[in-house]
Amino acid sequence: KQEVTQIPAALSVPEGENLVLNCSFTDSAIYNLQWFRQDPGKGLTSLLLIQSSQREQTSGRLNASLDKSSGRSTLYIAASQPGDSATYLCAVPAGNSGGSNYKLTFGKGTLLTVNP
Amino acid sequence: DTAVSQTPKYLVTQMGNDKSIKCEQNLGHDTMYWYKQDSKKFLKIMFSYNNKELIINETVPNRFSPKSPDKAHLNLHINSLELGDSAVYFCASSQVPTGAKNFGAGTRLSVL
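Keep in mind that what you see is a predicted model, and the values were worked out from it rather than measured.

S.K.: Before we go on, may I ask you to explain the interface of chain A and chain B in this structure?
M.R.: How big an interface is tends to be expressed through the accessible area that disappears when the partners come together. Contacts between the two partners involve 20 residues from chain A and, on the opposite side, 22 residues from chain B. For the chain A and chain B pair, buried surface summed over both sides reaches about 1800 Å², with 61% attributable to carbon and sulfur atoms. Sorting the residues of chain A by area buried against chain B places Tyr102(A), Lys103(A) and Phe106(A) first, and these three jointly supply 36% of that buried surface. The interface formed by chain A and chain B contains one salt bridge. Lys103(A) is the partner of Glu58(B) in a salt bridge, and the nearest nitrogen-oxygen pair spans 3.2 Å. Scanning the region where chain A abuts chain B turns up six residue pairs in polar contact (both at pLDDT 80 or more). If you list the elements that add at least two residues to the side of chain A that touches chain B, you get strand S4 (32-38), strand S5 (44-51) and strand S10 (104-106) of chain A. If one sorts the elements of the side of chain A that touches chain B by residue count, S4(A) sits on top with four residues.

Right, here's the structure in full:
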């Protein structure tokens, strides 16, 4: 059974800092990994999707890496801004057999606060 | 132009009532989902549909009945609501099961 762990659970940084959020998963037989952002009381916004054959993806100040063999992904945020404050979630398919790839397993998220 | 839209956004109701949540996606995706986010903010899959057919029912009580009249819609009907059903329900879609998931804004259900 796929399990996803995110560390740290919460992070508070001053504006302008570069930071790294960590995600680990137990079953490395995944098709992809997706990072989301959730603002309080809002839905999930997809940030980046990394396919299993890729090592990283970049979008603006965000860079996500994937080390499938070790079951790890990181989300790097450069030059953080107060508007980056949100909960960041990583998610992987529950497996790659049967209907497992229809199910995303989520971590519990990292609550990021960027202070002005 | 909202990609995945859910209605209502908020739903407050009494225990024992029956309620429905609607979801529509305009992305042309084949696969749709319902997820539940509990009070501890943990997101868990409830149902997956592909081309209007149920693929996954993640041991959800049969008081919950999803219905997909066409590929663009996946509605969730809940009978005999219980206090423990209070949560945020998210609809999502993807082109294929292994593709990127697009989520709706969520429906916050409060059962009193």
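That was the structure; now back to the text.
S.K.: Explain the sheet that holds strand S7 (residues 64-70) of chain B to me, please; I cannot follow it from the model alone.
M.R.: Residues and elements named next belong to chain B. Taken together, four strands build an open sheet; the order of strands is S1-S3-S8-S7 and the sheet is antiparallel. Pairing within the sheet leaves two strands with one partner each, and these edge strands are strand S1 (4-7) and S7. Recorded for the sheet is a direction-independent mean angle of 20° between the axes of neighbouring strands. Taken together, the four bridges between strand S3 (residues 19-25) and strand S8 (residues 73-78) define a ladder with antiparallel strand orientation. Looking across to S8, one finds that Glu24 is bridged to His73.

Definitions and limits used
- Residues numbered from 1 in each chain as written.
- Chains lettered and ligands numbered in written order.
- Predicted model: local features only at pLDDT ≥ 70, side-chain atom pairs only at ≥ 80, totals over all residues.
- Heavy atoms only, no water.
- Contact = heavy atoms within 4.5 Å.
- Buried area = accessible area lost by both parts, 1.4 Å probe.
- Salt bridge = Lys/Arg side-chain N within 4 Å of Asp/Glu carboxyl O.
- Polar contact = N/O pair within 3.5 Å; in protein donor to acceptor, adjacent residues only side chain to side chain.
- Helix = DSSP H or I, 4+ residues; strand = E, 2+ residues; numbered from the N terminus.
- Pairing = 2+ DSSP bridges.
- Axes fitted to C-alpha atoms, helices over the stretch in contact; angles between N-to-C directions.

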